[in-house]
Amino acid sequence: MKNHALKGLAIGDLFARVPIVQGGMGIGISLSGLAAATANAGGIGVIAAAGVGLFEPDGFTDFLGASIRGLRREIRRARELSTGIIGVNIMVALRNFTDLVKTAVEEGVDIIFSGAGLPMNLPEFTKGTHTKAVPIVSSGRAAALIAKRWLDKYGVLPDAFVVEGPKAGGHLGYRAQDLADPAFSLEKIVPEVVAAVKPFEEKAGHPIPVIAGGGIYTGGDIRQFLELGASGVQMATRFVATDECDASAAFKEAFVKAKEEDLAIITSPVGMPGRAIRNGFIKEVEAGKKQPFSCPYHCIVTCDYEKAPYCISLALINAQKGRLEHGFAFAGANVGRVDHIVPVQTLVDELVGEYEKSGD
């Protein structure tokens, strides 16, 4: 008989009684409200640093300064709302990556999750601090490369890894042609990352948890990936359809109404494929009706803003605020299964219950 009890997740001296990381969703989808609610429910709440400054009064005129102030505000607010584990997701591709990391460490955030590139220099800022450093990878090779570099240069190893599969929402760390290839499925890459991390665990003398993300929807899915060797899971799409998600009601309603056939793989201005809910805005882009624009801040290093038909940050903040005719919503492959909005605690309770029943 399978074990019915869902075990918690230990990352160094941090312990989440529920092994669920709420995925970081940028441009205001996961801020302090959602992160604190997830932490209060026993999981790990994550504030997304991308675009956090755009909610400051001078977000479009002093983008870099506003980003720092905005991140400080959200971390402090999350601390006021929760005594649980609070993380920050900071993409390597952000132009002010270093400043954001320094700010998060100064604020004593529990964990920095970092992907959209390889965070090779993250220990430069986290080593010797309370803050745990967790790279986000899409292959065992990337995990081993980061671990070796950190060990050789800084004498430390990652505190954990998140491995994201091709069913995730938002920007994806895969080529478009690989998204449907079984060789890149989460079921395939989780054991590969676990195996790649094992030699480094032996050197460290303690576990380095692997957290599986991208397309995980039910408690049964959680059991599947824990049985494949993961120590926890990362979930994002389901957390959008919660009362505490920081997005507008119209944004959440787009998730509730979406069907599987509404999903599109778009070519983002940042140079990566992305999974989004197709709407009028995306159709206009596909029809070539959008024109290049003037970029005031070049927030993402890889964005070819001189040729881009629209500003990705502006499109996403419009969507976050409910102006979906001027933007679009990123979403995971299972968004078509979302049919109602619940409190975060109810969602976590449902997932734990589903996990326990899946052991029958």
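On a predicted model such as this, the values are computed, not experimentally measured, just so you know.

Draft legend 1. Local environment of the packing of helix H7 (residues 219-227) against helix H12 (residues 344-357). Between H7 and H12, the least distance of the axes is 7 Å, while the angle of their chain directions is 60°. When the interaxial angle is binned, H7 and H12 end up oblique. Of the two elements, H7 crosses H12, and the hand of that crossing is right-handed. Packed against H7, whose contacting residues are Gly-219, Gly-220, Ile-222, Arg-223 and Leu-226, the element H12 presents Leu-351, Glu-354, Tyr-355 and Glu-356 at the interface.

Draft legend 2. How the structure looks around the nonpolar core. Formed by 110 residues in total, the largest nonpolar core has its most connected members in Ile-47, Leu-71, Ile-90, Ile-222, Phe-239, Phe-255 and Phe-328. With residues up to four places along the chain from it excluded, the contact list for Ile-222 reads Leu-6, Ile-20, Ile-216, Val-233, Met-235, Leu-351 and Tyr-355. The next biggest cluster of nonpolar side chains, apart from the first, holds 15 residues, and it includes Leu-9, Ile-11, Phe-113 and Val-134.

Draft legend 3. Just unusual backbone geometry, in detail. In this structure, Ile-27 is a non-glycine residue whose phi angle is positive, near 55°. By the secondary structure assignment, Ile-27 is in the loop between strand E3 (20-22) and helix H1 (32-40). In this structure Ile-27 comes out as buried when scored by relative accessible area, which is 6%. Phi at Ala-116 is positive, roughly 55°, even though this residue is not glycine. Locating Ala-116 in the fold gives a position in the loop between strand E6 (111-114) and helix H4 (123-126). With relative accessibility at 31%, the residue Ala-116 sits in the partly exposed group.

Draft legend 4. Spatial organisation of the pairing of E6. Side chains Ile-111 and Phe-113 of E6 all project onto a buried face; the interleaved residues Ile-112 and Ser-114 project onto the opposite face, where all are buried too. Following the backbone out of strand E5 (residues 85-89), through helix H3 (residues 97-106) and into the adjacent parallel E6, one traces a crossover that is right-handed. When E6 meets strand E7 (residues 132-137), the two strands line up parallel, connected through four bridges. Paired with Ile-112 across the two strands is Ala-133, which belongs to E7.

Draft legend 5. Layout of the packing of aromatic side chains. The tally for this structure, following the rule as stated, stands at six aromatic pairs. Pairing Tyr-310 with Phe-328 gives two aromatic rings, centres 6.0 Å apart and planes at 85°, and the pair type is edge-to-face. Placement of Tyr-310 in the loop between helix H10 (280-286) and helix H11 (312-320) and of Phe-328 in the loop between H11 and H12 is noted, with a sequence separation of 18 residues between them. Judged on exposure class, the residue Tyr-310 and its partner Phe-328 are both buried. Aromatic rings pair up to connect Phe-281, Tyr-310, Phe-328 and Phe-330 into one cluster. Across from the ring centre of Tyr-355, 4.0 Å away, lies the NZ or CZ of Arg-223, which sits over that ring.

What counts, and at which threshold
Residues numbered from 1 in each chain as written. Predicted model: local features only at pLDDT ≥ 70, side-chain atom pairs only at ≥ 80, totals over all residues. Heavy atoms only, no water. Axes fitted to C-alpha atoms, helices over the stretch in contact; angles between N-to-C directions. Helix = DSSP H or I, 4+ residues; strand = E, 2+ residues; numbered from the N terminus. Parallel < 35°, antiparallel > 145°, perpendicular 65-115°, else oblique. Left-handed = near helix turned anticlockwise from the far one by under 90°. Contact = heavy atoms within 4.5 Å. Core = buried A, V, L, I, M, F, W, Y, C linked by side-chain atoms within 4.5 Å. Buried < 20%, exposed > 50% of the residue type's maximum accessible area, 1.4 Å probe, protein only. Right-handed = clockwise from strand over helix to strand, strands pointing away. Pairing = 2+ DSSP bridges. Phe/Tyr/Trp six-rings, centres within 6.5 Å; stacked < 30°, edge-to-face > 60°. Lys NZ or Arg CZ within 6 Å of the ring centre and 35° of its normal.

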